[in-house]
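Here are the chains, one letter per residue:
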Amino acid sequence: MKITKVEIITRASKLEELKQALNDIGVLGMTVSQVFGCGLSKGHTEVYRGKEYDINLVPKIKLETVVCEIPVERVLEVAQKAVRTGNIGDGKIFVYELTDAVRIRTGDRGPEAIMDTK
Ligand SMILES: Nc1ncnc2c1ncn2[C@@H]1O[C@H](COP(=O)(O)OP(=O)(O)OP(=O)(O)O)[C@@H](O)[C@H]1O
Ligand SMILES: [Mg+2]
C-alpha cells in the first residue's frame, strides 16, 4: 500500500472548513503551520484581512496530511471543494509519494504507522 503526503496551502480563513471536510472523509492525522508564500499571479493583488499585498509574501496556512487507505483523489476533491472561492490566492496542493513512515511509540513502519490499528 502506498503512503502519500498531501500538502494544501490556502487561505487561513479556510482552515476550519478544510479541517472539517477532511475529517468527514476520515482524515485524522494532520500538521498545520502558518506560512508566508506567493504564487504565480504576478502583477495581481491579493487582499488579506482588508490589507492589500501587491508584493510577494502573503500569510497562508499549510495543512499536511499523510494518507494510505483514503484515496488521494478523494482528498484532492474534498480539499478543493472546501477552499475554492474562484479568486486569486485560493492556494495550491502538492502531492508527494512517501518512502516510509515510523510510529515512534511502537516502531510501526510504512502503512502500519499511518493506519488506525488501535
Ligand atoms: N510553485 C510553488 N512552490 C511552492 N509554493 C507555492 C508555489 N506556488 C504557490 N505556492 C504556495 O501556495 C500559496 C498559494 O498560491 P496561489 O494560490 O497564490 O497560487 P497561484 O499560482 O498564484 O494561483 P492564483 O492565480 O489562484 O493566485 C502561495 O502563497 C505559496 O505559499
Ligand atoms: Mg497567487
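Taking an unreviewed UniProt entry as the reference, the chain is identified by name as Nitrogen regulatory protein P-II belonging to Mitsuokella jalaludinii. Turning to the chain, the UniProt record has this under Sequence similarities (unreviewed entry): "Belongs to the P(II) protein family."

(A) Examining the packing of aromatic side chains more closely. Enumeration according to the criterion identifies zero aromatic pairs in this entry. One Lys or Arg, Lys5, reaches over the ring of Tyr96 and ends 4.9 Å from the middle of that ring.

(B) Region of the structure containing the nonpolar core. Of all hydrophobic cores here, the largest spans 18 residues; its most connected members are Ile8, Leu18, Leu22, Ile25, Val27, Leu63 and Val75. Looking at this core, the elements with two or more residues in it are β1 (4-10), α1 (15-24), β5 (58-67) and α2 (72-83). No other element matches α2, which puts six residues into this core. Once you skip the residues sitting within four places of it in the chain, Val75 turns out to touch Val6, Leu22, Ile25, Val27, Val67 and Ile70. Ile3, Ala101, Ala113 and Met115 belong to the second-largest nonpolar core, a separate cluster that totals five residues.

(C) Layout of the pairing of β5. With respect to burial, β5 is a largely interior element, eight of its ten residues being buried. Note: β1 against β5, seven bridges, orientation antiparallel. Considered in β5, the bridge of Lys5 is made with Val66. Relative to β5, strand β2 (residues 31-37) runs antiparallel, the two sharing seven bridges. Bridged to Val32 within β5 is Leu63.

(D) Quick peek at α2. Look at α2: 17 Å from first C-alpha to last across twelve residues, which is about the 16 Å you get at 1.5 Å a residue. Residues of α2 that are buried: Val75, Leu76, Val78, Ala79, Ala82 and Val83. Those residues of α2 hidden inside the fold are in contact with β1, α1, β5 and β6 (92-97).

(E) Quick peek at the pattern of salt bridges. Within the structure shown, the criterion is met by nine salt bridges. When the shortest N-O distance is used, the salt bridge between Glu17 and Lys14 registers 3.6 Å. Relative accessible area serves as the criterion here: at 42%, Glu17 is assigned to the partly exposed category.

Here is what the cut-offs are and how they apply
Here the residue numbers are simple positions, counted from 1 along each chain's written sequence. The lettering of chains begins at A and the numbering of ligands begins at 1, in the order of writing. In view of the model being predicted, local features appear only for residues whose pLDDT reaches at least 70, and side-chain atom pairs are presented and counted only at 80 or more, with totals across whole chains, interfaces and linings using the full set of residues. As a rule here, side-chain values cover all heavy atoms of the structure and leave hydrogens and water aside. UniProt positions are given in the numbering used here, feature names are shortened, and annotations may be inferred rather than shown by experiment. The aromatic pairing rule takes the rings of Phe, Tyr and Trp, using the six-membered ring of Trp, and pairs them if the centres are within 6.5 Å, calling planes under 30 degrees apart stacked, those over 60 edge-to-face and the rest tilted. Note on criteria: charge over ring means Lys NZ or Arg CZ within 6 Å of the ring centre, with the direction from the centre no more than 35 degrees off the ring normal. What makes a nonpolar core is a set of buried Ala, Val, Leu, Ile, Met, Phe, Trp, Tyr and Cys residues whose side-chain atoms join them at distances within 4.5 Å. Summary of the burial criterion: residues with accessible area below 20% of their type's maximum are buried, those above 50% are exposed, and those between are partly exposed, where the area comes from a 1.4 Å probe applied to protein chains only. Only runs of H or I of at least four residues qualify as helices and only runs of E of at least two qualify as strands under DSSP, and these elements are numbered from the N terminus. Contacts: residue pairs with any heavy atoms within 4.5 Å of one another. Pairing between two strands requires that DSSP report at least two bridges joining them. By this rule, a helix spans an expected 1.5 Å times one less than how many residues it contains. Note on definitions: salt bridges are taken to be side-chain nitrogens of Lys or Arg within 4 Å of carboxyl oxygens of Asp or Glu.

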